[in-house]
Amino acid sequence: MSDIKYNLKNPGVKRIMQEAKELANDNTYEYSAFPLEENIFEWHFTVRGPKDTEFEEGRYHGRILLPTEYPFKPPEIIFLTANGRFQLHTKICLSITGFHPEYWQPAWGIRTVLLAIIGFFPTESRGAIGGLDYPKEERQRLAKLSVGWTCPICGINTKDALSNILPEKQTHLKEELPEFVLACKEENKLDEKGNNSNSSQQEKENINSKEDSKCCIQDSANNNKSLQIVEQETSSIGDSCQVDPEIRSARVIAVTQNNASPATTARNSSQAVPLWLDALIAGLVSFIIVLIYRKYSF
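We now turn to the structure provided with this report. (Residues numbered from 1 in each chain as written. Predicted model: local features only at pLDDT ≥ 70, side-chain atom pairs only at ≥ 80, totals over all residues. Heavy atoms only, no water.)

To continue, consider the sheet that holds strand β4 (residues 76-79). Spatially, four strands are ordered β1-β2-β3-β4 in an open sheet, and the strand pairing comes out antiparallel. The open sheet has two edge strands with one neighbour each: β1 (31-35) and β4. Averaged over all pairs of adjacent strands, the angle between strand axes in this sheet comes to 25°, irrespective of strand direction. One ladder, built from five bridges, connects β1 with strand β2 (residues 42-48); its direction is antiparallel. Within the sheet, the bridge partner assigned to P35 lies in β2 and is W43. Sheet strands in contact with helix α1 (residues 11-24) are β1 and β2, and its direction is about 30° off that of β2. Most of the contacts of helix α2 (residues 110-120) go to β2, to which it runs at about 40°, and overall it touches β1, β2, β3 (59-65) and β4. (Pairing = 2+ DSSP bridges. Helix = DSSP H or I, 4+ residues; strand = E, 2+ residues; numbered from the N terminus. Axes fitted to C-alpha atoms, helices over the stretch in contact; angles between N-to-C directions. Contact = heavy atoms within 4.5 Å.)

This is the structure in structure tokens:
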């Protein structure tokens, strides 16, 4: 691997170099991965199909594309061998890929990605991008065909990529992967609780708005009733008798105030001008008039 192209002081490059060193010392029974010499941001991996599934006899090869912001952004995963669960030469949608950056954690690395890939094999695609739901028999057939496949990019043969010797101590598959899956499920539950609380808040707002609407409708009904009363009084006087518009409007105001709801009366009273302010303004106006009268009368 050439180190001349990359700045070894860069945190992302240092992280990639460290992971490459650690994975080179790992047991290769369940998975193996390495970066390309010409581009350390592209890794090639081979994983063994999970036990007791239709993928058990398979050895699947693919690419891991790391972003320049790695490990702060998730990678992309592309499969190169047919498997019946994931499409080929397509970025697949998983909670550990760039399709869901909200789930990614910088503490995760290539090993976490490999363990998650193995764990996602027996799950349903549910219409996810890059997912497939081939029949069990077809997946078993593809699993057998995957052994002995040679990658045209890195030259690795899947038969030689993984060891056939079981490790003395089980790998992190049974320790890390369930914890990873449960973390995602817990987060989904929290989202559901958040949605429930938001819906409850929305219901409360709807109830309040309905109460306000009822109040407005009641006020409007009272006003319409007041106008009808005034119209009846006006029509009872006779067609030949003309009612003064000021008197008619005064009647409307008086009847409306009598029939107004308490909430409307409170709002109107809060918006009314105080009596002391009216008296003050009237006194000032009278004083100015007296001064003008005395000035021009003498």
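What follows picks up the thread again.
A separate point is the packing of aromatic side chains. Going through the model one piece at a time under the given rule, you end up with nine aromatic pairs. Measuring from ring centre to ring centre gives 6.5 Å for Y70 and W104, while their planes differ by 45°; the resulting arrangement is tilted. Note that Y70 is positioned in the loop between β3 and β4 and W104 in the loop between β4 and α2, a separation of 34 residues in sequence. The exposure classification of Y70 matches that of W104, with both residues buried. (Phe/Tyr/Trp six-rings, centres within 6.5 Å; stacked < 30°, edge-to-face > 60°. Buried < 20%, exposed > 50% of the residue type's maximum accessible area, 1.4 Å probe, protein only.)

On to the environment of L65, then. For L65, the location among the structural elements is in strand β3. Setting aside its immediate chain neighbours within four residues, L65 contacts F41, E42, P75, E76, I78 and K91.

A separate point is the pairing of β1. By the criterion of burial, β1 is predominantly enclosed, with four of the five residues buried. Between β1 and β2, which follow one another and run antiparallel, lie six residues.

The subject of this paragraph is the pairing of β2. Within β2, seven of the seven residues are buried, which leaves the element mostly enclosed by the surrounding structure. Judged from the seven bridges that link them, β2 and β3 form a sheet pairing that is antiparallel. When the bridges of β3 are listed, F45 appears paired with G62.

Another point: the environment of L166. Here L166 lies in the loop between α4 (158-161) and α5 (173-237). Residue classification places L166 among the exposed residues on the basis of a relative accessible area of 57%. Each C-alpha atom, one on L166 and one on N27, is 8.9 Å from the other, the two residues being 139 residues apart in sequence.

Turning next to the pattern of salt bridges. Overall, the coordinates contain six salt bridges when judged by the stated rule. Here E19 ties to R15 by a salt bridge, and the two come within 2.8 Å at their closest N and O atoms. Of the two residues, E19 and R15 both sit in helix α1, four residues apart, roughly one turn of that helix. Given the relative accessible area of 8%, E19 is considered buried. D133 is the partner of R139 in a salt bridge, and the nearest nitrogen-oxygen pair spans 3.8 Å. By relative accessible area, D133 is classed as partly exposed at 48%. Linked by salt bridges that have partners in common, E54, D133 and R139 make up one network. (Salt bridge = Lys/Arg side-chain N within 4 Å of Asp/Glu carboxyl O.)

If you check which residues of helix α3 (residues 136-146) are buried, you get R139, L142, A143 and S146. Down the axis of α3, the buried set is contained in an arc of 110°. They therefore lie on one face. Counted as exposed and oriented over 90 degrees from the buried face of α3: E137, K144 and L145. Of the residues one or two after α3, G148 is the one with positive phi, at around 95°. (Arc of directions from axis to C-beta.)

Of all eleven residues in α2, ten are buried; the element is thus mostly enclosed. Those residues of α2 not exposed but buried are I110, R111, T112, V113, L114, L115, A116, I117, I118 and F120.

Another point: a nonpolar patch on the surface. On the surface, a cluster of nonpolar side chains totalling about 570 Å² of accessible area is made up of F287, I288, L291, I292 and Y296. Within the fold, L291 resides in helix α8 (residues 275-297). Using a relative accessible area of 44% as the deciding quantity, one classes L291 as partly exposed. (Patch = residues over 30% accessible without salt bridge, like charges linked within 9 Å, V, L, I, M, F, W, Y side chains within 5 Å. Areas by Shrake-Rupley, 256 points an atom, 1.4 Å probe, with all protein chains shown as cover.)

Our next topic: the nonpolar core. The nonpolar side chains of soluble globular proteins are, as a tendency, buried together. Ranked by size, the top nonpolar core spans 36 residues in total, and within it W43, F45, V47, I77, F79 and I110 carry the most contacts. Secondary structure elements with two or more residues in this core: α1, β1, β2, β3, β4 and α2. Counting residues per element, this core draws most heavily on α2, at eight residues. Not counting residues up to four positions away in its chain, the partners in contact with I110 are E19, L23, A33, W43, I64, L66 and Y70. (Core = buried A, V, L, I, M, F, W, Y, C linked by side-chain atoms within 4.5 Å.)

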